[in-house]
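Examining the three-dimensional arrangement
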Amino acid sequence: MIDKKGILFILSGPSGVGKGTVRKSLFEKDTDLKYSISMTTRPPREGEVDGVDYFFKTKEDFEQMIADKGMIEYAQYVGNYYGTPKAYVEEQLEAGNDVFLEIEVQGALQVKENFPEGVFVFLIPPSLEDLKNRIINRGTETEDLVHSRLQAAKEEIEMMDYYDYVVVNDQVDRAVQTVQSIVKSEHCKRERVAFEYKKALERDEK
Ligand SMILES: Nc1nc2c(ncn2[C@@H]2O[C@H](COP(=O)(O)OP(=O)(O)O)[C@@H](O)[C@H]2O)c(=O)[nH]1
Ligand SMILES: Nc1ncnc2c1ncn2[C@@H]1O[C@H](COP(=O)(O)OP(=O)(O)O)[C@@H](O)[C@H]1O
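In this text the structure is predicted, and so the values were computed from the model without any measurement.

Topic: the overall build of the chain
- Looking only at helices and strands, one finds seven helices and nine strands in the chain.
- Rg of the C-alpha trace for the chain: 18 Å, near the compact-globule value of 17 Å for 206 residues, within the 12% margin.
- Projected onto the principal axes, the alpha-carbon positions of the chain cover approximately 70 × 40 × 30 Å.
- With 206 residues in all, the chain has 29% of them scored as buried.
- In the chain, of all internal contacts separated by at least 6 residues, the share reaching a separation of at least 24 is 70%.

In structure tokens, the structure reads:
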């Protein structure tokens, strides 16, 4: 059978590397990808909207979703839960649409277990110094949290080997273009497989 399902793309990398920035810029350009909105127990930051940036939930509601097996993956990150609701992703993939996740590293490893055919992209900063500056400049964390996010980042960067692609986020536009090229190239790969499959079928019929 030729697989008509959509492709699952996972963008991951350390906090502060620019995942959110790259994802937002990508979605301003590419309307074919479906973004899976994550669920979290962290409070909304100023300007964030429930159901747009995240589904903001209480700890009890989040734990209920886990118990109901409603999440593809979830992780505790700097004291809060973050996770990907299952239903939307499965519906979209089944309908042939590509789905895009922007998640941290522990969650990405869980997705790899359940969706090994997913395309895993790891975003890295040009340097750890750049990463530190980005987290500080964003101004959303206290000094303690900057430290714990940087500690987590050092461990996360070691997970790079598990990914299909590594993209350096030196300039946002360049990183977005690279991600777009990856999406195109993955489509070409699958079309090529489908073409070979069709040729093999025709040979068998002769
Ligand atoms: N595992 C997992 N991580 C997520 C999910 N959604 C967001 N994250 C990650 O959780 C981390 C913290 O997110 P957030 O508090 O919004 O801060 P920021 O992304 O660093 O601005 C980031 O690395 C996000 O990419 C999710 O659904 N699952
Ligand atoms: N290529 C880049 N060059 C310089 N600053 C960047 C770049 N990409 C993102 N930033 C900045 O770095 C900070 C962290 O980006 P963000 O998207 O919140 O990271 P993440 O979602 O990975 O935690 C933000 O202030 C953002 O404007």
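Further notes follow.
Section: the site of ligand 1
- Taken together, 17 residues are adjacent to ligand 1, and Ser-38, Tyr-82, Ile-103, Glu-104 and Gly-107 come closest.
- For the shell around ligand 1, the elements supplying multiple residues, two or more each, are α1 (19–29), β5 (71–77), β6 (80–85) and α4 (105–114).
- Residue classes in the shell around ligand 1 are distributed as four nonpolar, eight polar and five charged.

As for the environment of Ile-10
- One can find Ile-10 in strand β1 (residues 8–12).
- Take Ile-10: there are 25 C-beta atoms within 10 Å of it, and that puts it in the buried class.
- On a C-alpha basis, the gap between Ile-10 and Met-159 in space is 14 Å, while along the polypeptide they are 149 residues apart.
- Every residue in contact with Ile-10, bar those within four places of it in the chain, is listed here: Leu-101, Ile-103, Ala-108, Val-111, Gly-118, Val-119, Phe-120 and Val-121.

A short note on α1
- Those residues of α1 that fall on the buried side of the exposure criterion are Lys-19, Val-22 and Leu-26. Down the axis, α1 shows its buried residues gathered within 70° of arc, on one side only.
- Taken together, the buried residues of α1 touch β1, β7 (99–102), β8 (119–124) and α7 (172–205).

Here we look at the packing of α1 against α7
- One way to put it is that α1 packs onto α7 with a least axis distance of 9 Å and a crossing angle of 65°. Viewed along their axes, α1 and α7 form a crossing whose handedness is right-handed. Residues Thr-21, Val-22, Ser-25, Leu-26 and Lys-29 of α1 pack against Val-172, Ala-175, Val-176, Val-179 and Gln-180 of α7.
- In the contact of α1 with α7, the residues fall into six nonpolar, three polar and one charged.

A look at the environment of Asn-97
- Among the secondary structure elements, Asn-97 is positioned in the loop between α3 (86–94) and β7.
- Sequence-wise, Asn-97 and Asn-137 are 40 residues apart; in three dimensions their C-alpha atoms are separated by 36 Å.

Some remarks on the sheet that holds strand β3 (residues 39–40)
- Spatial strand order, β4-β3-β6-β5: four strands in an open sheet with mixed pairing. Looking along the sheet, the strands with just one partner apiece sit at the ends: β4 (55–56) and β5.
- In terms of strand pairing, β3 meets β4 through two bridges, oriented parallel. When the bridges of β4 are listed, Met-39 appears paired with Phe-55.
- Against the sheet, helix α2 (residues 59–67) engages β3, β5 and β6, with an angle of about 140° to β5.
- The sheet strands contacting α3 are β5 and β6, and the helix crosses β6 at an angle near 25°.

So, how was this worked out
- Residues numbered from 1 in each chain as written.
- Chains lettered and ligands numbered in written order.
- Predicted model: local features only at pLDDT ≥ 70, side-chain atom pairs only at ≥ 80, totals over all residues.
- Helix = DSSP H or I, 4+ residues; strand = E, 2+ residues; numbered from the N terminus.
- Rg over C-alpha atoms; globule rule 2.2 N^0.38 Å.
- Buried ≥ 20, exposed ≤ 12 C-beta atoms within 10 Å, placed from the backbone.
- Contact = placed C-beta atoms within 7 Å.
- Near = placed C-beta within 6 Å.
- Nonpolar A, V, L, I, M, F, W, Y, C, P; charged D, E, K, R; others polar.
- Arc of directions from axis to C-beta.
- Axes fitted to C-alpha atoms, helices over the stretch in contact; angles between N-to-C directions.
- Left-handed = near helix turned anticlockwise from the far one by under 90°.
- Pairing = 2+ DSSP bridges.

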